[in-house]
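Here is what each chain is made of, one letter per residue.
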Amino acid sequence: MKNIGIKDVARRANTSVATVSRVLNKRGYISDEMYKKVYSAMDELDYHPNQIARSLFLHRTYYVGLIIPDVSHPFFSQLSKEIELAFNSRGYKLMLCDTIGETDREREYLGMLRENKVDGIIIGSHLLETDDYLKANLPIVSIDMDFGPEIINISSNHKKGGEIAAETLIENGCKNVVQIMGNRKVKTTSHRRHEVFQHVMEENNCNCITLELESREFSTDAYRNIANRLFCSEVKIDGVFAVDTIAARVIQAAHERGINIPGELKIIGYDGTDIADLTYPKLTTIQQSYRDISNSIVETLCAIIDGESPNARNVYHDVTLIKGGTTL
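## Section: the sheet that holds strand β9 (residues 266–271)
Part 1 of the reasoning: The mixed open sheet is built from six strands, whose spatial order is β7-β6-β8-β9-β10-β12. Among the strands making up the open sheet, the edge pair consists of β7 (207–212) and β12 (319–322). Strand after strand, the sheet turns through a mean of 15° between neighbouring axes, direction not considered.
Part 2 of the reasoning: In the sheet, β9 pairs with strand β10 (residues 284–288) via four bridges, with the strands oriented parallel. Its bridge partner lying in β10, G269 is registered against T285.
Part 3 of the reasoning: Strands in contact with helix α8 (residues 158–171) are β6 (176–181), β8 (239–241), β9, β10 and β12; relative to β9, the strand with the most contacts, it is inclined by about 165°.

In structure tokens:
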């Protein structure tokens, strides 16, 4: 059987080899009609470009790596989906690396991405030091981590998120609240929302207790245990602030104890994942804009890959309060 080449595609599409090459490499202006003619010819001939040759010619692989701590966590699952879709529309393929919260796995993945000559890396798991990432000598964008001026950070406006959560519980008349946060060993800018939350509560003469997860894992058992701990204190709490996955466990623990929500206990989640729609009552939550964050990550990383200098070192995206039945 004859090997189909780019010349055959050009002949079938009734155009030049140079035009087919521009279509495949997405370079220069090409009309929608020409795109359709070239891809139609490729389908008819069952032509598949030689990716290795293309990579050598363009000095790119059109692969990017995404390192996250747990793909099963709704936040990272939803974010990964949006990032993959955004990269796919630009002709890139995504290599998903799940560290499961282990430092050694993150280091191994970082090495693997370098060996596979990816064009860039997105860091969503922050278990290594800044120098470890810089040694990769690749374009890098971070999610929720300030590594310094060398690495662009994309995140939500967590300061605003913490303020909204605190103000909402205060408006609901809460005086004794608990906030549950991730392990402080993970140096993420998302902790900022808890610092602000506590500050606002204390400014308004409200008692605020902060519980910290003991491990870096996003485990169901850890969430269940910390939710049960809320109701072991002598202080009767009337408000809770936590990510959606933990907030859902708090709702379950409250139901088991006959605690009325939102009559006796108000709960605010954070992230705005699908879990917020599945609880009863429906969870009031601070929603992050997954699509805006993902598009910003992709646009920034692609700009760096193209040799451009991004305008800002830190990019923050707005958050929105989604009212449910766990607050008044």
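## A closer look at the sheet that holds strand β4 (residues 140–143)
Part 1 of the reasoning: If you trace the six strands from one edge of the open sheet to the other, you get β2-β1-β3-β4-β5-β11, paired in parallel fashion. Edge strands, defined here as strands with exactly one partner in the open sheet, are β2 (93–98) and β11 (314–317). Across the sheet, the mean angle separating the axes of adjacent strands is 20° when strand polarity is ignored.
Part 2 of the reasoning: Relative to strand β3 (residues 120–123), strand β1 (residues 63–68) runs parallel, the two being bridged by four bridges. Counted as the bridge partner of G65 is I121 from β3.
Part 3 of the reasoning: In this fold helix α6 (residues 103–115) packs onto β1, β2 and β3, with an angle of close to 155° to the strand it touches most, β2.

## Looking at the pattern of salt bridges
Part 1 of the reasoning: Under the defined criterion, the tally for this structure stands at 13 salt bridges.
Part 2 of the reasoning: Among the salt bridges present, the one from D8 reaches R11, with a minimum N-O distance of 3.1 Å. Highlighted residues: D8 and R11, both in helix α1 (residues 6–13), separated by three residues, approximately one helical turn.
Part 3 of the reasoning: A relative accessible area of 59% places R11 in the exposed class.
Part 4 of the reasoning: Here E212 ties to R184 by a salt bridge, and the two come within 2.7 Å at their closest N and O atoms.

## With respect to the packing of aromatic side chains
Part 1 of the reasoning: Within this structure, the stated rule accounts for eight aromatic pairs.
Part 2 of the reasoning: With 5.0 Å between their ring centres and 80° between their planes, F75 and F76 make a pair best called edge-to-face. Taken as a pair, F75 and F76 share a single burial class, namely buried.
Part 3 of the reasoning: With a centroid separation of 5.7 Å and 65° between ring planes, the pair formed by F87 and Y92 is classed as edge-to-face.
Part 4 of the reasoning: Among the aromatic side chains, those forming a connected cluster through ring pairs are Y62, F87 and Y92.
Part 5 of the reasoning: Across the ring face of Y270, the terminal group of R193 is positioned such that the distance to the ring centre comes to 3.9 Å.

## Describing the packing of helix α10 (residues 220–229) against helix α11 (residues 244–256)
Part 1 of the reasoning: Axis separation between α10 and α11 bottoms out at 9 Å; the angle between their running directions is 50°. In terms of axis orientation, α10 runs oblique to α11. In terms of crossing hand, the pair formed by α10 and α11 is right-handed. Of the residues in α11, those touching α10 at T220, Y223, R224, I226, A227 and N228 are T245, I246, R249, V250 and A253.
Part 2 of the reasoning: Residues belonging to the contact of α10 with α11 are distributed by class as follows: six nonpolar, three polar and two charged.

## A closer look at the side chain of D238
Part 1 of the reasoning: Relative to the helices and strands, D238 resides in the loop between α10 and β8.
Part 2 of the reasoning: Of the side chains bearing the opposite charge, K266 lies closest to the buried D238, which forms no salt bridge; the N-O distance is 6.8 Å.
Part 3 of the reasoning: Separated by 2.9 Å, the side chain of D238 and the backbone nitrogen of K175 make a polar contact.
Part 4 of the reasoning: Ignoring any residue separated from it by four or fewer positions in sequence, one finds D238 in contact with G173, C174, K175, N176, V177, E264, L265 and K266.

## Observations regarding the state of the cysteines
Part 1 of the reasoning: Summed over all chains, the structure comprises zero disulfides.
Part 2 of the reasoning: Between C174, a cysteine without a disulfide, and C206, which holds the nearest cysteine sulfur, the sulfur-to-sulfur distance is 7.8 Å.
Part 3 of the reasoning: Considering cysteine sulfurs only, C97 is the nearest to C302, which forms no disulfide, with 17 Å between them.

Rules and cut-offs
- Residues numbered from 1 in each chain as written.
- Predicted model: local features only at pLDDT ≥ 70, side-chain atom pairs only at ≥ 80, totals over all residues.
- Heavy atoms only, no water.
- Pairing = 2+ DSSP bridges.
- Helix = DSSP H or I, 4+ residues; strand = E, 2+ residues; numbered from the N terminus.
- Axes fitted to C-alpha atoms, helices over the stretch in contact; angles between N-to-C directions.
- Contact = heavy atoms within 4.5 Å.
- Salt bridge = Lys/Arg side-chain N within 4 Å of Asp/Glu carboxyl O.
- Buried < 20%, exposed > 50% of the residue type's maximum accessible area, 1.4 Å probe, protein only.
- Phe/Tyr/Trp six-rings, centres within 6.5 Å; stacked < 30°, edge-to-face > 60°.
- Lys NZ or Arg CZ within 6 Å of the ring centre and 35° of its normal.
- Parallel < 35°, antiparallel > 145°, perpendicular 65-115°, else oblique.
- Left-handed = near helix turned anticlockwise from the far one by under 90°.
- Nonpolar A, V, L, I, M, F, W, Y, C, P; charged D, E, K, R; others polar.
- Lys, Arg positive; Asp, Glu negative; His and termini not counted.
- Polar contact = N/O pair within 3.5 Å; in protein donor to acceptor, adjacent residues only side chain to side chain.
- Disulfide = S-S within 2.5 Å.

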